[in-house]
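This is what each chain is made of:
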Amino acid sequence: QVQLVESGGGLVQAGGSLRVSCAASGRTFSNANLAWFRQAPGKEREFVAAIRWSDGTKDYADSVKGRFTISRDNVKNTVYLQMNSLKLEDTAVYYCALRYSPIFWTDQSMYPYWGQGTQVTVSS
């Protein structure tokens with residue numbers, strides 16, 4: 001069974017940086033995609049970024065392009081989301097999700113495995 005555990009959330013001022021991590025365990029991930037989603041209060045969960053474990057191909061939501069970077073450590077089975085130039089609207093619970101597929105999906109319903117989430121709060 002796949003297990004995903006997020007960490008690294010916290011409080012940061014607008015314009016600052018934060019890195020969240022997602023440690024994966026339970027199965028091999030060579031043919032998986034791992035994605036970050038976020039959900040702000042009163043809003044639907046939205047796609048943020050994804051990475052293909054096999055070759056590192058990445059995809060980003062337009063709202064975070066140029067500010068966020070997704071990366072992976074194959075040895076540690078961990079995926080990171082480096083968030084720079086944070087804005088108030090980046091405040092949300094950030095979730096990592098995994099799907100065994102070579103195709104990137106931005107629809108949360110396509111991901112069967114989820115972590116518990118980590119809170120990121122950006123203050124003014």
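Anyway, here's the lowdown on the structure attached to this text.

What counts, and at which threshold
Residues numbered from 1 in each chain as written. Predicted model: local features only at pLDDT ≥ 70, side-chain atom pairs only at ≥ 80, totals over all residues. Heavy atoms only, no water. Helix = DSSP H or I, 4+ residues; strand = E, 2+ residues; numbered from the N terminus. Buried < 20%, exposed > 50% of the residue type's maximum accessible area, 1.4 Å probe, protein only. Disulfide = S-S within 2.5 Å. Phe/Tyr/Trp six-rings, centres within 6.5 Å; stacked < 30°, edge-to-face > 60°. Lys NZ or Arg CZ within 6 Å of the ring centre and 35° of its normal.

## Thoughts on unusual backbone geometry
We note that N77 has phi near 50 degrees; this positive angle belongs to a residue other than glycine. For N77, the position within the fold is in the loop between β7 (68-73) and β8 (78-83). Given the relative accessible area of 25%, N77 is considered partly exposed. With phi around 50 degrees, S85 is a residue other than glycine that occupies positive phi space.

## Quick look at the state of the cysteines
Taken as a whole and judged by the stated rule, the model has one disulfide. Each disulfide pairs two cysteine sulfurs, and for C22 the partner residue is C96, the sulfurs being separated by 2.1 Å. Since a negative S-S torsion denotes a left-handed disulfide, the C22-C96 link at about 65 degrees is right-handed. Of this pair, C22 sits in strand β3 (residues 18-25) while C96 sits in strand β9 (residues 92-99), and the two are 74 residues apart along the sequence. One exposure class covers both C22 and C96, and it is buried.

## Considering the packing of aromatic side chains
Enumeration according to the criterion identifies seven aromatic pairs in this entry. Between F37 and Y111, the aromatic rings sit 5.3 Å apart at their centres with planes inclined by 75 degrees, giving edge-to-face as the arrangement. Residue F37 is found in strand β4 (residues 33-39), and its partner Y111 is found in the loop between β9 and β10 (113-114); the two are separated by 74 residues along the sequence. Here the two residues F37 and Y111 agree in accessibility, since each one is buried. Site record: aromatic cluster; members linked through ring pairs are F37, F47, Y95, Y111 and W114. Above the face of the F104 ring, R52 is positioned so that its terminal group lies 4.9 Å from the ring centre.

Honestly, that's just the spatial picture; any functional story needs more than this.
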